[in-house]
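# Topology and contacts: notes
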Amino acid sequence: MEEKNQPRRPRRSPEEPLQKNESLVYGKNPVTELLKSGSGVDTVLIAEGMAPAVAAYYTALAKDAGATVKRVHPNKLRLMTGTETARMSAPSGTESHQGVAAFASEIEYVTVDDLMAAAKDKGEAPFLVLSDGIEDPHNLGAVMRSALLCGAHGIVIPKRGGASVTPTVIKSSAGA
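Below: a short report on this structure. These figures come from a predicted structure and were not determined experimentally.

About the thresholds
Residues numbered from 1 in each chain as written. Predicted model: local features only at pLDDT ≥ 70, side-chain atom pairs only at ≥ 80, totals over all residues. Heavy atoms only, no water. Helix = DSSP H or I, 4+ residues; strand = E, 2+ residues; numbered from the N terminus. Buried < 20%, exposed > 50% of the residue type's maximum accessible area, 1.4 Å probe, protein only. Contact = heavy atoms within 4.5 Å. Core = buried A, V, L, I, M, F, W, Y, C linked by side-chain atoms within 4.5 Å. Axes fitted to C-alpha atoms, helices over the stretch in contact; angles between N-to-C directions. Parallel < 35°, antiparallel > 145°, perpendicular 65-115°, else oblique. Left-handed = near helix turned anticlockwise from the far one by under 90°. Nonpolar A, V, L, I, M, F, W, Y, C, P; charged D, E, K, R; others polar. Phe/Tyr/Trp six-rings, centres within 6.5 Å; stacked < 30°, edge-to-face > 60°. Pairing = 2+ DSSP bridges. Expected span 1.5 Å × (residues − 1). Arc of directions from axis to C-beta.

Turning our eyes to something else, we now look at the overall build of the protein chain. Tallying secondary structure elements over the protein chain gives seven helices and six strands in all. Reading the secondary structure of the protein chain in the N-to-C direction produces β-α-β-α-β-α-α-β-α-β-α-β-α. For the protein chain, buried positions account for 31% of its 176 residues. Residue pairs in contact within the protein chain that sit at least 24 positions apart in sequence constitute 74% of those at least 6 positions apart.

With that settled, consider the environment of serine 96. Looking at where serine 96 falls in the secondary structure, it is placed in the loop between α4 (84-89) and β4 (100-104). Residue serine 96 is classed as partly exposed on the basis of its relative accessible area, which comes to 37%. A sequence separation of 18 residues divides serine 96 from arginine 78, and the C-alpha atoms of the two residues are 8.6 Å apart.

Formed by 15 residues in total, the largest nonpolar core has its most connected members in Leu35, Val41, Val44, Ile46, Tyr58 and Val100. Listing elements by their share of this core, those giving two or more residues are α1 (28-37), β2 (41-47), α2 (52-65) and β4. Among the elements that line this core, the one with the most residues is α2, at four residues. Other than its neighbours up to four places away in sequence, valine 41 contacts Leu34, Leu35, Gly66, Ala67, Ala102, Phe103, Ala104 and Ser105.

Packing of α1 against α2 brings their axes to within 9 Å, and their N-to-C directions diverge by 30°. The pairing of α1 with α2 is recorded here as roughly parallel in orientation. Crossing handedness for the pair α1 and α2: left-handed. Residues Lys28, Val31, Thr32, Leu35 and Lys36 of α1 form the contact with α2, whose own contacting residues are Val54, Tyr57, Tyr58, Leu61, Ala62 and Ala65. Here the residues of the contact of α1 with α2 are counted per class, giving eight nonpolar, one polar and two charged.

Let's shift gears to the packing of aromatic side chains. The full count for this structure, using the stated rule, is one aromatic pair. Aromatic pair tyrosine 57 and tyrosine 58: ring centres 5.2 Å apart, planes at 80°, arrangement edge-to-face. For tyrosine 57, a relative accessible area of 37% corresponds to the partly exposed category.

Another aspect to go through is the sheet that holds β2. Spatial ordering of the open sheet is given by β1-β4-β2-β3, a layout of four strands whose pairing is mixed. For this open sheet the edge positions go to β1 (24-26) and β3 (68-72), each flanked by a neighbour on one side alone. Sheet twist, expressed as the average angle between the axes of neighbouring strands with direction ignored, equals 25°. Of the pairings in the sheet, the one linking β1 to β4 comprises three bridges and is antiparallel in character. Bridging across to β4, tyrosine 26 finds its partner in alanine 101. Lying on the sheet, α2 is in contact with β2, β3 and β4; it crosses β2 at an angle near 175°.

Our focus in this paragraph is α2. With 14 residues, α2 should cover 20 Å at 1.5 Å per step; its first-to-last C-alpha distance of 20 Å lies within 8% of that length. By the burial criterion, the buried members of α2 are Ala55, Tyr58, Leu61 and Ala62. Here the buried residues of α2 occupy an arc of 125° about the axis, which is enough to place them on one side. More than 90 degrees from the buried face of α2, the exposed residues found are Pro52, Ala53 and Asp64.

Laid out in structure tokens, this is it:
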């Protein structure tokens, strides 16, 4: 008899590739350029076992860009980047993700001055929501949705120390 509470994994054929996240950038040079560009970066994933000096370099770049850093198993990077099949044909020791990946922001960040100017252009008193200390992405998404419904001009999100805008936050704020 089968237990009803067991989650079922969706099956896929071996020919069907894993769907890649469009905002996922991977490889040492692409991630370096993304972090240096000033474009929004939410999270940087670094493979466990990466040389400490290289990991420190990416950690420093990520912090300068306001991104969070997560250490993950190399297999997780392979699955996320769809490079598990590339590994079979690649020479020993080389992988296309090269031990680092980053989630580029799916939204455009602006400064508080930009938000104040938007309120002034509308002839309204500024109404901003400060999201200090929100760590759960679902909660941040709910706050974003509520802020929009209340007529806020924007939400101030700290660069460090809280939830950043990830696909989970975007999903949680759906409709906003």
